[in-house]
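Next come the chains, spelled out residue by residue.
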Amino acid sequence: MSQTAPEIRLTRARGRPLEKVLRWLFFACAAISVLTTLAVVGVLSVETFYFFQQVPASDFLFGTRWTPLLEPKSYGILPLLFGTTLIVIGAAIVALPVGLACAIYLSEYAGNRTRDLVKPILEILAGIPTIVYGFFAITFVTPILRTLMPSTEVFNAASAGIVVGIMVLPMVASLCDDALRAVPNALRDGAYSLGATSFEVTARIVVPASLSGIFAAFVLAISRAIGETMAVTLAAGATPNLTLNPLESIQTMTAYIVQVSLGDTPAGTLSYQTLFAVGAVLFSMTLVLNLIANAIMNRYRDVYE
């Protein structure tokens, strides 16, 4: 039953107080998020400033030894950067191709029933605690690697990279699936009408059309791998080693932050301030990657809106 004009105006008037409350509630939530981000940036900036007052930036960024808790002390962050890079490369080798393949299957080949069954099972991987992945790496992945390559150390970058790749796999598959499904069906139908096979439609039409979205998914997954902590701390070890050999023990930036945060380092000391300096570098890396991903996603939206 339709409402008359006075009834509509009365309904709107009654709804205005609730709308105002909700508007202020949403504004408060947004403001809390912004203020939290500013607080994090402020704390990192202040402590990092104090750190660089005592350690030259060139020694920190280009030094090849990282021993801030031992004598003689050295504050070169390159070993931590190399360790983080090894983890990211290993995770990318595992997650990116497998995740894209899963997304192509779910988007282009799987039926609705299969998709409804496979996708939730795949996303269960995202709900497993990261520390469990660390134990999985130590007790399952590392013994296999040592059987295949006896020179593999007990704690190594390869097993950590593999389990981090498994961790970010659901993110890659889900985001790539969304990008593939956003491609208009008219492109698929046009290709099929010209006699293209299913593989040709996928490889030459759908994937190239969604390439920017796929790249954005890759960048976000890499950003997630950079920030992984507990699995890497357990599986890769705590040896700040300047190496590109994935079979050796290494230490990542996040693992070092965990080490300092255990409480053995006195607050206010230079060794304590390295926690914030490393955190600032980590924050800057993930921020740059997220900005790149957002730029790619904006380009992706411009294509299909």
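Scroll up for the structure.
Note that the coordinates shown come from a computational prediction; the quantities given were computed from them, not determined experimentally. Counting restarts for each chain: residues are numbered from 1 in the order of the written sequence. Where local features are concerned, this predicted model is filtered to residues with pLDDT of at least 70; where side-chain atom pairs are given and counted, the filter is 80 or more; whole-chain, interface and lining totals use all residues. Water and hydrogen atoms play no part in the side-chain values, which are based on all heavy atoms of the structure.

Caption draft 1: Highlighting the packing of aromatic side chains. We call Phe, Tyr and Trp rings a pair once their centres come within 6.5 Å, taking the six-membered ring for Trp, and we label the pair stacked below 30 degrees between planes, edge-to-face above 60, and tilted otherwise. Counted under the stated rule, the structure contains ten aromatic pairs. Look at F51 and F52: their rings are 5.3 Å apart centre to centre, the planes differ by 70 degrees, and that puts the pair in the edge-to-face class. Only protein chains enter the area calculation, which uses a 1.4 Å probe; residues under 20% of their type maximum are buried, those over 50% are exposed, and those in between are partly exposed. Assessed through its relative accessible area of 0%, F51 is described here as buried. According to the relative accessible area criterion, F52 is partly exposed, its value standing at 32%.

Caption draft 2: Just the pattern of salt bridges, in detail. Any Lys or Arg side-chain nitrogen found within 4 Å of a carboxyl oxygen on Asp or Glu counts as a salt bridge. For the coordinates displayed, the defined rule picks out four salt bridges. The residue R188 makes a salt bridge to E108 at a minimum N-O spacing of 2.8 Å. Taken together, the residues span a long stretch of sequence, with R188 in helix α7 (residues 185-193) and E108 in helix α3 (residues 78-109) at a distance of 80 residues. In this pair, the class of R188 matches that of E108, namely buried. A salt bridge links D177 to R115; the nearest nitrogen and oxygen atoms lie 2.7 Å apart. Placement of D177 in helix α6 (residues 157-181) and of R115 in helix α4 (residues 112-123) is noted, with a sequence separation of 62 residues between them. The pair D177 / R115 is uniform in exposure class, with both members buried. Three or more residues are tied together by salt bridges with common partners; here these are R115, K119 and D177. The way it works is that DSSP assigns letters per residue, a run of H or I at least four long becomes a helix, a run of E at least two long becomes a strand, and they are numbered from the N terminus.

Caption draft 3: Quick peek at the packing of α3 against α4. Lines fitted to C-alpha atoms define the axes, with helix axes restricted to the stretch in contact, and inter-axis angles between N-to-C directions lie between 0 and 180 degrees. Direction vectors running N to C along α3 and α4 enclose 155 degrees, while the axes themselves pass 10 Å from each other. Comparing their axes, α4 and α3 come out roughly antiparallel. Our pair here, α3 against α4, has a crossing hand that is left-handed. For the pair α3 and α4, the contacting residues are C102, Y105, L106 and S107 in the first and T114, R115, V118, K119 and L122 in the second. For classification, angles of less than 35 degrees are called roughly parallel, those exceeding 145 degrees roughly antiparallel, those between 65 and 115 degrees roughly perpendicular, and all remaining angles oblique. What makes a crossing left-handed is the near helix being turned counterclockwise from the far one by less than a right angle; a clockwise turn instead makes it right-handed. Here a residue-residue contact requires only that any non-hydrogen atoms of the pair lie within 4.5 Å.

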